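# Fold and contact review
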Amino acid sequence: MAAAAGDAVDEAQLRDLIPGVLAALVHRGADFATAEDAVQEALIRAVETWPNQHPDDRKGWLIATAWRRFLDLTRSDSARHRRETQVSNEPPPGPTAAVDDTLQLYFLCAHPSLTASSAVALTLRAVGGLTTRQIAQAYLVPEATMAQRISRAKRTVSDVRLDQPGDLRTVLKVLYLVFNEGYGGDVDLAAEAIRLARQLAATTDDPEVAGLLALFLLHHARRPARTRADGSLVPLADQDRSLWRRDLIAEGVTVLQAALARDRLGEYQAQAAIAALHADAQSADETDWVQIVEWYDELVRLTDSPIVRLNRAVAVGEADGPQAGLAALAELDPTLPRYTASDAYLHERAGDIDTATKLYVEAAAQAQNLAERNHLTLKAATLRQRLSGEGG
Amino acid sequence: MAKYLFLKHYRGAPASVNDVPMDQWTPDEVQAHIQYMNDFAKRLQESGEFVDSQALAPDGAWVRSDGEGKPPVTDGPFAETKDLIAGWMIIDVDSYERAVELAGELSAAPGAGGKPIHEWLEVRSFLTAAPKFTD
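Criteria and cut-off values
- Residues numbered from 1 in each chain as written.
- Chains lettered and ligands numbered in written order.
- Predicted model: local features only at pLDDT ≥ 70, side-chain atom pairs only at ≥ 80, totals over all residues.
- Heavy atoms only, no water.
- Helix = DSSP H or I, 4+ residues; strand = E, 2+ residues; numbered from the N terminus.
- Rg over C-alpha atoms; globule rule 2.2 N^0.38 Å.
- Contact = heavy atoms within 4.5 Å.
- Buried < 20%, exposed > 50% of the residue type's maximum accessible area, 1.4 Å probe, protein only.
- Pairing = 2+ DSSP bridges.
- Expected span 1.5 Å × (residues − 1).
- Polar contact = N/O pair within 3.5 Å; in protein donor to acceptor, adjacent residues only side chain to side chain.
- Axes fitted to C-alpha atoms, helices over the stretch in contact; angles between N-to-C directions.
- Buried area = accessible area lost by both parts, 1.4 Å probe.
- Salt bridge = Lys/Arg side-chain N within 4 Å of Asp/Glu carboxyl O.
- Phe/Tyr/Trp six-rings, centres within 6.5 Å; stacked < 30°, edge-to-face > 60°.
- Lys NZ or Arg CZ within 6 Å of the ring centre and 35° of its normal.
- pLDDT = per-residue confidence, 0-100.
- Core = buried A, V, L, I, M, F, W, Y, C linked by side-chain atoms within 4.5 Å.
- Parallel < 35°, antiparallel > 145°, perpendicular 65-115°, else oblique.
- Left-handed = near helix turned anticlockwise from the far one by under 90°.

Assigned secondary structure in chain B consists of 2 helices and 6 strands. Moving toward the C terminus, one meets the helices and strands of chain B in the order β-α-β-β-β-β-α-β. For chain B, whose C-alpha radius of gyration is 18 Å, the value lies well above the compact-globule estimate of 14 Å for 135 residues. On the principal axes, the C-alpha backbone points of chain B span a range of 55 × 50 × 25 Å. Nonlocal contacts in chain B, meaning residues at least 24 apart in sequence, comprise 77% of its contacts between residues at least 6 apart.

Set out below in structure tokens:
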């Protein structure tokens, strides 16, 4: 043990070790639920003690501490029975490498038997190493509720054998949901999703994992320009592109290019390709909308999603003019979320300010979030002022 | 993962199926009702879907600013106010369908004669603060 007093613990770095530590315990025969509690407690001990004396072998220290804690937990009467039944079901120690164990944890936490919210919570705790309190704050629910959600999720997957290959699609979906949530409490969920996607990309060579990581990086790069100081939204076309994080864009493009070179296209790679084309444009006017529409065509082919078709219609409006966009829109279901907002935008572009104003008002009433409602209301008010100015 | 508000009304909702005012129930029926509500909240806590639940007193006042330097004006309560909120529950669930399912269960709380009230609850979705990045 080397003493290095006064070093603050880099929590993200520390949490990178968590899946490996948890996997090591499970590998030794610990049941997942108890092992997860033990690892969480070891993590808290590390944050408390490492600033004074941090070990050379951090992972080894965490495994030893968590294992001791696991034994304490299972020695307690209440847990004895569970331990006896669990250890008899102990998975055979196979030839699996540590890397595969980490991947299996991702699979377990995103198991199809879990609801989306449970899978997200369990992933953030067991793979991400966040505390229940942090997760509760991020999702604006009481800590007791989140604790129950996590323990139920653990019970749900308690019988799942870790030696079965899982479905990578569900894991990617969970990370996508985490990223989508953005900021919450004192936890930056987008940054957390990027960290987890990086870790996942290091354990598997699936090009869609790389595609998702690239997508995250390219979107995250725009975040400084996406909102004003007051929290209001800045549409892509109006963003100050000098605020975009060039380092993240460069990394995202590199990751994406390597993935595309594998020639196994998937929806995340296609979404990332669209984000990369936006990142590539020095100004909104220089956006290569023709290529973007081509990528949307790929996305429609891959997903057949009505939301993708809606976004495609808006892109068509940019590439071939607002009338073409409106024609593409007219083929879609008007009850789609953001249909009216897209309709308003295309009418505004087409110069039909009167109709656009009415549609913006309607779209504001349908908005699912406050920032968007404010943006759409402001658009309606601005166009209305323009109309009355022209009239008088 | 979306939050929904269940609003229970003193007045303003369409009539319940078992439409007997609570003050005409037997004490046991009142007890059974309270027990059902507590059990329901507890069950949602255990399922990891509970956020908040509060009841409101029926009396209240209307308040508005009367301009700078003046105290606010208060008025009411107005007996003719058509809509009167009795309380709420906030849940965090995976789908709108789940929210409706739970509101249905809450609406079946026992009332007069120990029979379900089948009262109308208003289900409202929360606007989130910010759009998703993919929006």
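A few words now on the pairing of strand 5 (residues 84–93) of chain B. Residue and element names in this part refer to chain B. Counting buried positions along strand 5 yields 8 of 10 residues, so the element is predominantly enclosed. Pairing of strand 1 (residues 2–11) with strand 5 involves 9 bridges; the strand directions are antiparallel. Note that in strand 5 the partner of Y4 across the bridge is I91. Strand direction decides the pairing type here: strand 2 (residues 50–55) and strand 5, joined by 5 bridges, are antiparallel. Bridge pairing links S53 to M89 in strand 5.

Attention now moves to helix 12 (residues 207–221) of chain A. Residue and element names in this part refer to chain A. The end-to-end C-alpha distance of helix 12, which contains 15 residues, comes to 21 Å, matching closely the 21 Å that a straight helix rising 1.5 Å per residue would cover. Counting buried positions along helix 12 gives 15 out of 15 residues, so the element sits mostly inside the fold. Regarding helix 12, its N-cap is D206, as a side-chain oxygen of that residue lies 2.7 Å from the backbone nitrogen of E208 further along.

Moving on, we get to the sheet that holds strand 2 of chain B. Backbone hydrogen bonds hold the strands of a sheet together, and the pairing may be parallel or antiparallel. All names here are of chain B. Reading across from one edge, 2-5-1-6 is the order of the 4 strands in this open sheet, with antiparallel pairing throughout. Here the strands that pair on one side only, and so sit at the sheet edges, are strand 2 and strand 6 (122–125). Strand after strand, the sheet turns through a mean of 20° between neighbouring axes, direction not considered.

In this section: the interface of chain B and chain A. At the interface, 21 residues of chain B touch 30 residues of chain A. Buried area between chain B and chain A, summed over both chains or domains, comes out near 2200 Å², and the portion from carbon and sulfur atoms is 54%. At the surface where chain B touches chain A, the tally comes to 1 salt bridge. When the shortest N-O distance is used, the salt bridge between D92 of chain B and R149 of chain A registers 2.8 Å.

On to unusual backbone geometry, then. Of note in the backbone geometry, D304 of chain A takes a positive phi value of approximately 50° without being a glycine. At H118 of chain B, a position not held by glycine, the phi torsion is positive, near 55°. Summarising the element assignment, H118 of chain B is placed in the loop between helix 2 (96–107) and strand 6.

Turning next to the environment of V209 of chain A. Checked against the element boundaries, V209 of chain A lands in helix 12. Separated by 46 residues in the primary sequence, V209 of chain A and V255 of chain A place their C-alpha atoms 10.0 Å from one another.

Summarising the element assignment, N369 of chain A is placed in the loop between helix 20 (353–366) and helix 21 (370–391). Looking at N369 of chain A, its side chain comes within polar contact range of the main-chain nitrogen of A371 of chain A, at 3.3 Å.

Residues and elements named next belong to chain A. Per the stated rule, a full pass over the model turns up 5 aromatic pairs over all chains. Between F179 and F216, the aromatic rings sit 4.2 Å apart at their centres with planes inclined by 5°, giving stacked as the arrangement. With F179 in helix 10 (residues 168–181) and F216 in helix 12, the pair connects residues that are 37 residues apart, well separated along the chain. The class for F179 is buried, based on a relative accessible area of 4%. Assessed through its relative accessible area of 0%, F216 is described here as buried. Across from the ring centre of W67, 5.1 Å away, lies the NZ or CZ of R28, which sits over that ring. We note R222 situated over the ring of W244; from NZ or CZ to the ring centre the distance is 5.9 Å.

Counting through the fold element by element, A201 of chain A comes out in helix 11 (residues 189–203). Taking the C-alpha atoms as reference points, A201 of chain A and Y139 of chain A, 62 residues apart in sequence, are found 26 Å from one another.

This brings us to the pattern of salt bridges. As a working rule, side chains carrying opposite charge can pair if their charged atoms are close by. Throughout the structure, instances matching the rule amount to 32 salt bridges over all chains. Residue R125 of chain A pairs with E36 of chain A through a salt bridge whose shortest N-O separation is 2.8 Å. With R125 of chain A in helix 7 (residues 116–127) and E36 of chain A in helix 3 (residues 32–49), this pair connects stretches of sequence that are 89 residues apart. In this structure, R125 of chain A and E36 of chain A share a single accessibility class: buried. Across the salt bridge formed by E122 of chain B and R124 of chain B, the nearest N and O atoms sit 3.2 Å from each other. Taking the relative accessible area as the measure of exposure, E122 of chain B reaches 26% and is therefore partly exposed. Classification of R124 of chain B by relative accessible area gives partly exposed; the value is 45%. Taken together, the shared-partner salt bridges connect R15, D16, E192 and R195 of chain A into one network.

Next up on the list: the confidence of the model for chain B. Averaged over all residues, the pLDDT of chain B is 89; the fraction at 70 or higher stands at 96%. Two numbers describe this predicted complex: its pTM, 0.85, and its ipTM, 0.81.

As a further point, take the nonpolar core. Looking at soluble globular proteins, one finds that nonpolar side chains tend to be buried together. Counting residues in each nonpolar core, the largest one holds 104 residues, and the members touching the most others are L25, F32, L122, L124, Y139, L200 and F216 of chain A. Per-element accounting of this core gives the leading share, 10 residues, to helix 12 of chain A. When residues no more than four places from it in sequence are discounted, the contact partners of L124 of chain A are G129, L130, I135, Y139, V178, L189, E192 and L196 of chain A. Of all hydrophobic cores here, the second largest spans 14 residues; its members include A41, F50, I91 and V93 of chain B.

Moving on to the packing of helix 10 of chain A against helix 11 of chain A. Residue and element names in this part refer to chain A. The N-to-C vectors of helix 10 and helix 11 enclose an angle of 155°; their axes lie 6 Å apart at closest approach. Of the possible angle classes, the one that applies to helix 10 and helix 11 is roughly antiparallel. In the crossing of helix 10 with helix 11, the sense of the turn from one axis to the other is left-handed. Along its contact with helix 10, which presents L168, V171, L172, L175, V178, F179 and E181, the element helix 11 presents L189, A190, A193, I194, L196, A197 and L200.

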